[in-house]
Amino acid sequence: MSGAEGRGRSHDRQLLGQSVGSGKGTRRRQHNGVTMKSEADPITDDEWLLRRVRVEMFRTEKTPLISPKAFEPRVSGREPDTDGISFYRAACLANPEDVLATIAPQRWQEYGIVRLSVSFLKSLKLSLVSKPDDRVRGHVVIPELNANDYGSDEKKRVLKAIVVKLAEQASKDENIVRRPGSEQ
Amino acid sequence: MSTVLRSARGASAFTQDDSSRSRGRAPTAPLAAGASVWSRAADDPRQAWSQVIDELLRMRLLKDDWDGEGALAPHPSLVDGAISLARDLQANGTPAADRVLASPNGTICFEWFTPLAYWEIEVISPVEAKLCRVPKGADEAMIVNFSGSP
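Residues numbered from 1 in each chain as written. Chains lettered and ligands numbered in written order. Predicted model: local features only at pLDDT ≥ 70, side-chain atom pairs only at ≥ 80, totals over all residues.

A. Summary view of the overall build of chain A. Counting its secondary structure elements, chain A contains four helices and six strands. Counting from the amino terminus, chain A carries its helices and strands in the arrangement α-β-β-β-α-β-β-α-α-β. A total of 184 residues make up chain A; the buried ones form 47% of that total. (Helix = DSSP H or I, 4+ residues; strand = E, 2+ residues; numbered from the N terminus. Buried ≥ 20, exposed ≤ 12 C-beta atoms within 10 Å, placed from the backbone.)

B. Main features of the overall build of chain B. Tallying secondary structure elements over chain B gives three helices and seven strands in all. Residues classed as buried in chain B amount to 43% of the 150 residues present. Sequence-distant contacts, at least 24 apart, represent 55% of the contacts inside chain B between residues at least 6 apart. (Contact = placed C-beta atoms within 7 Å.)

C. View of the confidence of the model for chain B. Residues and elements named next belong to chain B. Looking at chain B as a whole, the pLDDT averages 80, with 70% of positions reaching at least 70. Note on residues 1-13: pLDDT under 50 across the span, and 38 contacts to partners over four residues away in sequence or across chains. This model gives residues 18-25 a pLDDT under 50, and the stretch forms nine contacts once residues within four places in sequence are excluded. As scored by the predictor, the complex reaches a pTM of 0.82 and an ipTM of 0.81. (pLDDT = per-residue confidence, 0-100.)

D. Geometry of the interface of chain A and chain B. Opposite the 26 residues of chain A that make contact, chain B presents 26 residues. Ranked by the residues each element gives to the side of chain A that touches chain B, the list is headed by helix α4 (residues 153-170) of chain A, at seven residues. For the side of chain A that touches chain B, the per-class residue count stands at ten nonpolar, four polar and twelve charged. (Nonpolar A, V, L, I, M, F, W, Y, C, P; charged D, E, K, R; others polar.)

E. Seen up close, the environment of B:K63. One can find B:K63 in the loop between α2 (45-59) and α3 (76-91). Spatially, the C-alpha atom of B:K63 lies 29 Å from that of B:F113, the residues being 50 residues apart in sequence.

F. Local environment of α2(B). All names here are of chain B. Compared with an ideal rise of 1.5 Å per residue, which puts 15 residues at 21 Å, α2 spans 21 Å between its outermost C-alpha atoms and is within 8% of the ideal. Listed in full, the buried residues belonging to α2 are W49, V52, L56 and M59. The buried residues of α2 all sit within an arc of 60 degrees when viewed along its axis, so they share a single face. More than 90 degrees from the buried face of α2, the exposed residues found are R46, Q47, D54, L57 and R58. If you follow the buried residues of α2, they end up packed against α3, β3 (99-102) and β4 (108-113). (Expected span 1.5 Å × (residues − 1). Arc of directions from axis to C-beta.)

G. Broad picture of the packing of α2(B) against α3(B). All names here are of chain B. Look at α2 against α3: their axes get within 9 Å of each other, and the N-to-C directions meet at 175 degrees. Taken together, the axis directions place α2 and α3 in an arrangement best described as roughly antiparallel. Where α2 abuts α3, its residues W49, V52, I53, L56 and M59 lie against V79, A82, I83, A86 and Q90. Here the residues of the contact of α2 with α3 are counted per class, giving nine nonpolar, one polar and no charged. (Axes fitted to C-alpha atoms, helices over the stretch in contact; angles between N-to-C directions. Parallel < 35°, antiparallel > 145°, perpendicular 65-115°, else oblique.)

H. Geometry of α4(A). Between its first and last C-alpha atoms α4(A) spans 25 Å; for 18 residues at 1.5 Å apiece the expected length is 26 Å, and the two agree. Approximately 25 degrees is the largest bend angle found in α4(A), and it occurs at A:L159. Every buried residue belonging to α4(A) is among A:L159, A:K160, A:A161, A:I162, A:V163, A:V164, A:K165, A:L166, A:A167, A:Q169 and A:A170, and all of these are buried. Buried residues in α4(A) make contact with β3 (111-117), α2 (118-123) and α3 (147-150) of chain A together with β5 (117-125) and β6 (128-135) of chain B. (Bend = angle between axes of the 7 residues up to and from the residue.)

I. Representation of the environment of A:L50. Structurally, A:L50 is set in strand β1 (residues 48-54). Looking at A:L50, the number of C-beta atoms within 10 Å reads 26, which means it is buried.

J. Examining the nonpolar core more closely. Ranked by internal contacts, the top residues of the largest apolar core, which has 77 residues, are A:L49, A:L50, A:I66, A:A167, B:L56, B:A82 and B:I108. Take this core: its biggest share by element is eight residues, from α4(A). (Core = buried A, V, L, I, M, F, W, Y, C linked by C-beta atoms within 7 Å.)

K. Representation of the pairing of β3(A). Residue and element names in this part refer to chain A. Most of β3 sits inside the fold, with six of its seven residues counted as buried. Sheet topology places β3 next to strand β6 (residues 176-178); two bridges connect them, and they run antiparallel. The partner of I113 across the bridge, within β6, is R178. (Pairing = 2+ DSSP bridges.)

L. Main features of the pairing of strand β5 (residues 139-142) of chain A. Residue and element names in this part refer to chain A. Here β5 shows two buried faces, one formed by H139 and V141 and the other by V140 and I142. The pairing of strand β2 (residues 85-89) with β5 spans four bridges and is antiparallel. Among the inter-strand pairings, I85 is bridged to a residue of β5, identified as I142. Where strand β4 (residues 129-130) meets β5, two bridges bridge the pair, whose relative direction is antiparallel. Within the sheet, the bridge partner assigned to V129 lies in β5 and is V141.

M. Examining the sheet that holds β3(A) more closely. Across the sheet, which stays open at both edges, the six strands sit in the order β4-β5-β2-β1-β3-β6 (chain A) with antiparallel pairing between neighbours. In this open sheet, the two strands that pair with only one neighbour each are β4 and β6 of chain A.

N. Fine view of unusual backbone geometry. Of note, A:K125 is a non-glycine position whose phi angle comes to about 65 degrees, a positive value. Tracing the backbone through its elements, the reader meets A:K125 in the loop between α2 and β4. Despite not being glycine, B:D65 has its phi angle at roughly 70 degrees, a positive value. Considering the arrangement of structural elements, one finds B:D65 in the loop between α2 and α3.

Have a look at this one:
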């Protein structure tokens, strides 16, 4: 493990807190006693949203920017992002790494996690829609970044500029929650 | 009708659709003129491109669901098209891509990050690609479609 990775793991905890309790069942509190939000609670501007980013799209020493591809909707494959790309509300999770729950454990090392603020997304005129997922709490989608619109060159011109801005923001040190290769 | 984007010394001859041409000047010309942000100025360009092509060759081994989330693997013929394009770009003096990756949609993307813009070429079929340029802070990207001979 590199020094950067070690710092990253520690940083994970500082950013979003450690879970309390057993890790099973409903966990209601984050670090510092902060009460987790319910998915039914309104999404507020001061919230953070988490997104998984695969290792090949993550920033590296050589290329310290996350690929904008990490924020593009899947337009084909098993699960196209027809409703928009997914994020998870950090306020609804006990631990940011809970967002890996939909991934097979042997693949967790292939994923990093980044965060973006709701206010930043809103500044780009993006909206958020809650779309509960039984596997991970706090699932939301950005309907503007959907598979259908991304297939159109006309709409893609605007959307592409947006995903580049998302990638730039997510690449900042303070927004890297977990680096690929980190142990959970 | 299409304008030949560049002389093709490699196997493919990617061309640019007239609908979005930049008057005979290759839209990637600024890329060739300047180094990328995280310049590998000290690197041997041949070695840098060689690493890109090695990465492309590895993509030939991908199978559908390579990411565990249902991603499509790029078809081997599409990988071959991407390799041909990479050789063309190298032959024309374009700096090696900062990153090359397989997308979940079965396409292959070359990326460059320059001080002025983000550049991307997405190979969408063995003979088709899209060039995208997003200037810093811009609200809209330029997208150019290319076609080529196999």
